[in-house]
Structure formats: C-alpha cells, structure tokens
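# Topology and contacts: notes
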Amino acid sequence: MKVVLDHLTKRFPARSKKDHDVIAVNDFNFEIPDGKLIGLLGPSGCGKSTTLNLISGLEKPTSGKIYFGEEDVTDLPPEERGVGLVFQNYALYPHLTVEQNIIFPLQNLKGEQKMTREAMHSKAMEVARLVQIDQLMERKPKELSGGQQQRVAIARALVKIPRVLLLDEPLSNLDARLRLLTREELRRIQRETGVTTIFVTHDQEEAMSISDQIVVMKDGILQQIGKPQQVYDDPVNLFVAQFLGTPQINVFEGRIQAGKVWIGEEAVLDAEGKQDGDVWAAIRPEGFIPDPQGVLTCSMDRVEVMGRDISIVSTHEKMTGRNIRSIIGAEYMPKDSSGTIRFNLKKNKVHLFDRKSEERIK
Ligand code: ATP
C-alpha cells in the first residue's frame, strides 16, 4: 500500500503570548512506495513523531491530505485506517499473557471479520513464529526481556495485517547489541510481510542500515529523500551532509578562486567553471589520503587505532569543528603522531556548499 502525503502541514498554535506557533510538519509532499521500509530521520523536535501521528490519524493535519493507495484517509479515525503502531514504550498490557496481548486487536472485530477462538489462536501463533516468540506465549510481559517485549509489540501490530506499519523509535529501549540484532530482525519481518513500513529514529546509522529510503527532516521541513547511500554521497545541503555519517563530515572555511578550491593558502582541488566566492568545503573522513606531497597540511594531534582502520585526529586553522577526523586503513601507520601531516583528497568525498545559503554547489 503506497502512502501519499499531499502538501501535509501541522501547525500547533501558541499556548500563550510569549509562546509562538510551531509548524511541526511544513508542506510535506511526497510518496512512500508500496512495500518499502522508510526511515524518517532528523534531530529532536524536527517533526518525526508528528508526521507518524498524522499518518496514523492520532493527529489531524492543519492542511493537506493523506492517501493510502488511492483512498483519501485524511478524515478517517485511527481505528479505520488499518495501521499497526509500535511506540518506544511498548505499552503491553501487563496483566495479559503474550498470547492475550497479541490477540487483543482481533477480539473486537465485528461482522464478517469476527474470528473464532481457534482462528485467533492460530493467527497469533503465526505472527509469534514470525517474530520468534512462539515459545513464550504463556508468559506475562514482566517475564520478558526488552527485546522480547518489543517483538510482542510488533506481533500485536502485525496480527491484523496492517495496511501500513508505523514504528516510533521502537529500538531505543534496547542495549546496543540487542538493538543491532532487533533492527536486522525488523528488516527481515518487513521483507517477509511486505507491509509498507515507516520507521522513526534519530539514529542516522540505524536508519541508513535498514531503510530502502530515508527522509531527512529539519524544523518540520523536508531536506532530502532518497536511498541511504545516495543521500550520503550526494547531500543537497550542509545540514544533510553533517547529519549523515560517523565520524561527522569535516567542514572547513574555504573559497573558490580562479578555478580552484582553497583552504587557507593551499589549493586543494580543481573547481573549474565554478563561480568565485566563499564556501564551506566539507570532507568525509574517508576522503583523506596521507601523502608527504599532499595538498592539505594539517597539524597532527593523535592517532586512534580502531582495529581494521585508524583515525588520524588533526587540526587546521580553517576547520570549524573541534578537530579533523580522517579514517585511514590500518596498514598506514604514521611513524610519528606529532608535527604536520599532509593529505591528498578524494574528489568524490569533498562537497562544497555556499557559505550563506549552505546549499550544495555542484
Ligand atoms: P523527538 O526526536 O524529540 O521525539 P520529533 O522529531 O519526533 O522529536 P515532534 O515530537 O514531532 O518531533 O515535535 C515537533 C515539534 O512540534 C516540536 O517543536 C514540538 O515541541 C512540537 N509539538 C509536538 N507536539 C505538540 C503539541 N501537542 N503541542 C504543541 N507543540 C507540539
């Protein structure tokens, strides 16, 4: 089931004279393709949960429309939209067993949809097997680990076969290892069921690793939508470039002059045909190649060994962050971790942005 957001806007009015209106979702106009997993991504307060709440029907839009397939669902209440919802706190019923929790959404079905006890039991077993909790059906939620509880919540959201599955930070209560396992699991379940899934997270790595497409948002405004790798490789503005990737992209004050990109007094890259002016020159950590004849000279601070790779931490008077982090294969190990280090740059790992608008210069 594709989901279409058609000029969707949500404005929360100010509560007092000191307060101001918040446009949590500002004219969202895009389509989420059928059967895909989409990650909504952005810093705290950018409007991720509001977007999800609008799609689920928990919030009413100020303007704009939402379609599931060809059907306009904008005025439908949540229970008639056919969405499965999983929140950060799983909200399982503590006094019910796992099976009773999963069956819960089936119990109130009316008319033709009404199910017998046996049918509900077998349906619950089917989804429990899918999320691998079928051995735990008699337990109460407090007798389960966080990851198991989270799977029960997913099973409950899937039992009615939703048209759209909405997940709001579903992994944030889990420890790092379980989080990793569960996100892979989520991906598997999503592939097996083929349910269009919208996943909210502020964790860019999580979103990039499991999403077919990511939607990057800031202050209620959509910044970029695309496949994770494509957005990483081809960011439209400085915000997106900085938001994706760990360590963060390294940003320098630079300028374009006479067909070259300059950082300080060094010409680091060709920029033929580009207009002269001040820019942000942003270099991904994997874009640095140590070379004694290199084009960019930095002051070495330290070397951090990370197993497969090393991170050379250095500084430069034109850098904007606390330091410059470059990721280099561990086969290159500088003899000395003080003094200067020179780098050549990989052209496709350097992005230029207008100094004022922060839009990408291509
Ligand atoms: P987080 O990652 O912190 O959960 P988010 O990206 O999900 O953030 P939202 O919860 O959608 O962000 O909030 C977006 C903006 O709308 C915020 O500025 C928030 O303060 C505001 N907001 C959300 N709900 C309401 C409300 N009911 N009334 C007024 N303002 C609200």
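Refer to the structure presented above.
Residues numbered from 1 in each chain as written. Predicted model: local features only at pLDDT ≥ 70, side-chain atom pairs only at ≥ 80, totals over all residues. Heavy atoms only, no water.

Time to look at helix α2 (residues 98–107). Because each turn of an α-helix spans 3.6 residues, side chains separated by three or four positions in sequence point in the same direction. Along α2, the residues that are buried comprise V98, E99, N101, I102, I103 and L106. The inward-facing, buried residues of α2 abut α3 (117–130) and α4 (146–158). (Buried < 20%, exposed > 50% of the residue type's maximum accessible area, 1.4 Å probe, protein only. Helix = DSSP H or I, 4+ residues; strand = E, 2+ residues; numbered from the N terminus. Contact = heavy atoms within 4.5 Å.)

Moving on to the sheet that holds strand β5 (residues 71–72). Taken together, four strands build an open sheet; the order of strands is β2-β1-β4-β5 and the sheet is antiparallel. In the strand order of this sheet, the two ends are held by β2 (22–32) and β5, each with one partner. Pairing analysis gives five bridges linking strand β1 (residues 3–12) to strand β4 (residues 63–68), with the strands arranged antiparallel. The partner of T9 across the bridge, within β4, is S63. Packing of helix α1 (residues 48–56) onto the sheet brings it into contact with β1, β2 and β4, and relative to β1 it is tilted by some 120°. (Pairing = 2+ DSSP bridges. Axes fitted to C-alpha atoms, helices over the stretch in contact; angles between N-to-C directions.)

Turning to the site of the ligand, a few remarks are in order. Residues in contact with the ligand, as listed here, are F12, V22, A24, P43, S44, G45, C46, G47, K48, S49 and T50. Take G45: an N or O atom from its main chain is 2.8 Å from an oxygen atom of the ligand. Between an oxygen atom of the ligand and a side-chain N or O atom of K48, the distance comes to 2.9 Å. Among the elements of the structure, β2 and α1 are those that each provide at least two residues to the shell around the ligand. Here the shell around the ligand gets three residues from one element, more than from any other, and that element is α1. (Near = heavy atom within 4 Å. Polar contact = N/O pair within 3.5 Å; in protein donor to acceptor, adjacent residues only side chain to side chain.)

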